[in-house]
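# Descriptive structure summary
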Amino acid sequence: MKNQRNIVIIAGLLLFGLFIYQNSQMSKSLNQIPFSDFVTLVKEKKVSVATIEEEKITFITISQDEFITIMPKIYPGLTNLLYDNNVKFKVVESSSNGLLFNILIQWLPMIVLVVIWIVFMRQMQGGNRIMGFGQIKPKKQSKESSTVTFDDVAGIDEAKYELVEIVEFLKNPKKFQNLGGKVPHGVLLCGQPGTGKTLLARAVAGEAKVSFFKVSGSDFVEMFVGVGASRVRDIFKQARSQPPCIIFIDEIDAVGRHRGSGLGGGNDEREQTLNQILVEMDGFQVNSGIIVIAATNRPDTLDPALTRPGRFDRTVIVNLPDKNGRKKILEVHAKKVKLHPDISLESIASSTQGFTGADLQNLVNEAALLAGRKAKDSLTEIDFEEARDKILLGTERKSLTMSDKELEATAYHEAGHALIAALSEQLDVLHKVTIIPRGRTLGVTMLLPKDNQSLLTKGKLTAMLAMLMGGRAAEETIYNHFTTGAHNDLERATEYSHRMVCNWGMSKKIGPFYLSNSNNDVFLGRDMVKQKKMSQKTALLVDKEVKMIVNKSYKTALKIIKNNLSTLHRLAKSLLKEETLSGEEVLAIIKQKST
Ligand code: ADP
Ligand code: ZN
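Just so you know, these numbers come straight off a predicted model, no measurement behind them.

If you trace the backbone, Arg472 turns up in helix α17 (residues 458-479). With 82 residues separating them in the primary sequence, Arg472 and Tyr554 have C-alpha atoms 8.5 Å apart. Sequence-distant contacts of Arg472, defined by excluding residues within four places in its chain, comprise His413, Phe482, Ala486, Leu490 and Tyr554.

Quick look at the structure:
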């Protein structure tokens, strides 16, 4: 950074110097006199020396004054005139006072601009890349001696089990080979972000007590072709100099994508980097003691060359933790905080379906912060619940004031959702409904899964769609007009119904086919090919089916609302009064006899 500032200062000084120079040039020409006066002076014999430079004549008078005059293009008889009047004169080649210097002056602004441009380019890349091509930034190449062990990794036992063998090998390569074990060169960890892939790789290094080199695929993606490849060479060189060790490449999809795919043709830089990784891995000796662990959440986009034998020949899937897994992960992270003795991590685990290990860690942190703010000395389940709602829905925006009309409309909208959710047998358990604005929404109806369900049935989906439509249906029934509050509901409902038709084979007219969803990332090249699979006719039919499903669920929602109108009023009234109702409270209100 210091370098850059210097360059800017130098550029500034240069510009300033140029300005001064030009000013001085101008001041020189101040005592210019008309040519006719010059001729008169010569004739009067008052000029002693003259210097002729093209049409510019600099001359000194007898009284030692210096003047400049410009003569008309080739004044006839100038030399004769000077001879006749005893003037010493010389002719100088134009701009002989430094041809080079003049060129420099002309080009200086350009040069300054270029320098400034380079400085900015470097700033944009954030580092001293121009000087230190090819070397990974010191922070990132950091060799660590990992202190993480398998005990720190919880809830993903299958993945852990698959890596035990790697640890054995790293601990004692010779023994391992004598037993005839076939050692993988590379392991590919596949799983969503936050599921603990980095943690696992660190734990392998920690268990085996070997060094750990971490790089990220995105570090290799540079604007200069060839830099990524030379970085790969660099890191493998370092690793080879101190085996046994682990090289961990995070986000390998950034460089390992299918070659020659994507928009705008292939990316040469990426391909070169990928090729270099392959070359390095192919060059490993059988017992070199180096294991490359790579992580990705898009294994489907990887170039098949990466998973060929001798490269990443083992794939380990890191799944989202199930309920038991979540409990174990909570136990790991809860060691760092003080829990209330009555707390049940089990029930927290069951209300955090879909959370990754990183989410759970975040949950514990948030809960500790919330408890700290309330000056409690231990964490209770309420803190965890608040923390979870905050993570899932954003922070409460208590300061946002809504008009009474808006509040009432929101209450009816949420009451509509809650009513349908509470009455449905198929749906998850209604957890709470609130009209306190959070994040970007004005109100929330929140469900929590009954148990570990990872498959959705058509019945449950249909009920979900009806529930999503419940808000708008209630608004229509009560006010006979709509607000924009339902836009998110509609978006989700449309998305679900689209997937029911295209991905889950739940439409009779379309049948059990997987039709690619155009929402996929078009930059992944392969998907673009897939999209063409759907014919125009099918696309029309899909649209019709999607609309039919959404319309049908809206009708269902309207019917439920109309049949329970008095309950809806009661729910909305108590929501306005209490702002938040728990699932049980909603059920109690539904059971009340209408008054
Ligand atoms: P990934 O590399 O898959 O994106 P990380 O390994 O970086 O995920 O996980 C981030 C953090 O989340 C870890 O440092 C750890 O504290 C926590 N974490 C994730 N998974 C687990 C797990 N299975 N057990 C314990 N902690 C976990
Ligand atoms: Zn809604």
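Distances from the zinc ion (ligand 2) to its protein donors, His413 (NE2), His417 (NE2), Asp489 (OD) and Asp489 (OD), fall at 2.0 to 2.8 Å. Every donor counted, the 4 donor atoms about the zinc ion (ligand 2) form angles of 52 to 143° at the centre, which fits irregular coordination. Every donor residue of the zinc ion (ligand 2) comes from the same chain, spaced as H-x3-H-x71-D. Placement of the pair is His417 in helix α16 (residues 404-423) and Asp489 in helix α18 (residues 487-502), with a sequence separation of 72 residues.

In the neighbourhood of ligand 1, 17 residues make up the surrounding shell, with Ala154, Gly194, Lys197, Thr198 and His333 lying closest. At 2.5 Å, a side-chain N or O of Thr198 approaches an oxygen atom of ligand 1. Within the side chain of Gln361, an N or O atom sits 3.1 Å from an oxygen atom of ligand 1. Burial of ligand 1 by the surrounding chains reaches 82%, relative to a free accessible area of 560 Å². The set of elements that each furnish at least two residues to the shell around ligand 1 consists of α7 (197-208), α12 (323-334) and α14 (357-373). When grouped by side-chain class, the residues that make up the shell around ligand 1 number 7 nonpolar, 8 polar and 2 charged.

One non-glycine residue, Lys209, lies in the positive phi region at around 55°. Turning to its location among the elements, Lys209 is positioned in the loop between α7 and β7 (211-216). At Glu579, a residue that is not glycine, the phi angle is positive and equals roughly 70°. Turning to its location among the elements, Glu579 is positioned in the loop between α21 (565-578) and β13 (580-582).

To continue, consider the pattern of salt bridges. One pass over the full model with this rule turns up 16 salt bridges. With a shortest N-O distance of 4.0 Å, Glu346 and Lys327 are connected by a salt bridge. One end of the pair, Glu346, is in helix α13 (residues 345-350); the other, Lys327, is in helix α12, and 19 residues separate them in sequence. Overall, the relative accessible area of 25% leaves Lys327 in the partly exposed class. For Lys509, the salt bridge identified is with Glu545, shortest N-O distance 3.8 Å. Of this pair, Lys509 sits in the loop between α18 and α19 (526-531) while Glu545 sits in helix α20 (residues 536-563), and the two are 36 residues apart along the sequence. Connected via shared salt-bridge partners are Lys374, Lys376, Asp383 and Glu386.

Every buried residue of helix α2 (residues 35-43) is accounted for by Phe35, Phe38, Val39, Leu41 and Val42. Buried residues in α2, looked at end-on, bunch into an arc of 160°, giving them a common side. Where α2 is buried, its residues contact β1 (47-53), β2 (56-61), β3 (66-70) and α3 (78-84).

With that out of the way, let us pick up the packing of aromatic side chains. The description of an aromatic ring pair rests on the distance of the ring centres and on the angle between the ring planes. One pass over the full model with this rule turns up 6 aromatic pairs. Where Phe35 meets Phe38, the ring centres are 5.7 Å apart and the plane angle is 40°; that geometry is what we call tilted. Separated by 3 residues within a single helix, Phe35 and Phe38 lie in helix α2, roughly one turn from each other. The buried category is assigned to Phe35, whose relative accessible area is 12%. Residue class for Phe38 comes out buried when judged on its relative accessible area of 1%.

As summarised here, the arrangement of the 4 strands in space is β3-β2-β1-β4, forming an open sheet in which the pairing is mixed. Across the chains shown, the open sheet's two edge strands, defined by having one partner strand only, are β3 and β4 (88-91). Neighbour-to-neighbour, the strand axes of this sheet turn through a mean angle of 20°, independent of strand direction. Bridging between β1 and β4 involves 4 bridges; their strand directions are parallel. Across the sheet, residue Val49 finds its bridge partner in β4, namely Lys88. α2 contacts β1, β2 and β3 of the sheet and is inclined by roughly 40° relative to β2.

With that out of the way, let us pick up the layout of surface pockets. Taken as a whole, the largest pocket holds about 1,700 Å³ of empty space. Broken down by secondary-structure element, the contributors of at least two residues to the lining of the largest pocket are α15 (381-393), α16, β12 (444-448), α17 and α18. Looking at which element gives the most residues to the lining of the largest pocket, the answer is α16, with 7 residues. Tallied by class, residues from the lining of the largest pocket come to 19 nonpolar, 17 polar and 12 charged.

Moving on to the sheet that holds strand β11 (residues 429-434). The strands making up a sheet associate through backbone hydrogen bonding, with each pair oriented either parallel or antiparallel. Across the sheet, 3 strands lie side by side as β12-β11-β13; this open sheet has antiparallel pairing. Two strands lie at the open edges of the sheet, namely β12 and β13, each paired on one side alone. Strand-to-strand twist across the sheet, computed as the mean angle between neighbouring axes with direction ignored, equals 15°. For β11 and β13, the ladder comprises 3 bridges, and the chain directions are antiparallel. By the bridge assignment for β13, Lys432 is matched with Ser582. Across the sheet, α15 touches β11 and β12, and the angle it forms with β12 is around 115°. Strand contacts of α16: β11 and β12, with the helix running at about 170° to β11, the strand carrying the most contacts.

What counts, and at which threshold
- Residues numbered from 1 in each chain as written.
- Chains lettered and ligands numbered in written order.
- Predicted model: local features only at pLDDT ≥ 70, side-chain atom pairs only at ≥ 80, totals over all residues.
- Heavy atoms only, no water.
- Helix = DSSP H or I, 4+ residues; strand = E, 2+ residues; numbered from the N terminus.
- Contact = heavy atoms within 4.5 Å.
- Donors = N, O, S within 2.8 Å, 3.2 Å for Na, K, Ca; no water.
- Tetrahedral: all angles 85-135°; square planar, octahedral: opposite > 155°, others 65-115°.
- Near = heavy atom within 4 Å.
- Polar contact = N/O pair within 3.5 Å; in protein donor to acceptor, adjacent residues only side chain to side chain.
- Areas by Shrake-Rupley, 256 points an atom, 1.4 Å probe, with all protein chains shown as cover.
- Nonpolar A, V, L, I, M, F, W, Y, C, P; charged D, E, K, R; others polar.
- Salt bridge = Lys/Arg side-chain N within 4 Å of Asp/Glu carboxyl O.
- Buried < 20%, exposed > 50% of the residue type's maximum accessible area, 1.4 Å probe, protein only.
- Arc of directions from axis to C-beta.
- Phe/Tyr/Trp six-rings, centres within 6.5 Å; stacked < 30°, edge-to-face > 60°.
- Pairing = 2+ DSSP bridges.
- Axes fitted to C-alpha atoms, helices over the stretch in contact; angles between N-to-C directions.
- 1 Å grid on protein atoms, 1.4 Å probe; cavity = no way out; pocket = protein on both sides within 12 Å on 5 of 7 lines; lining within 4 Å.
- Points joined across faces, edges and corners; volume = space filled by probe spheres on them.

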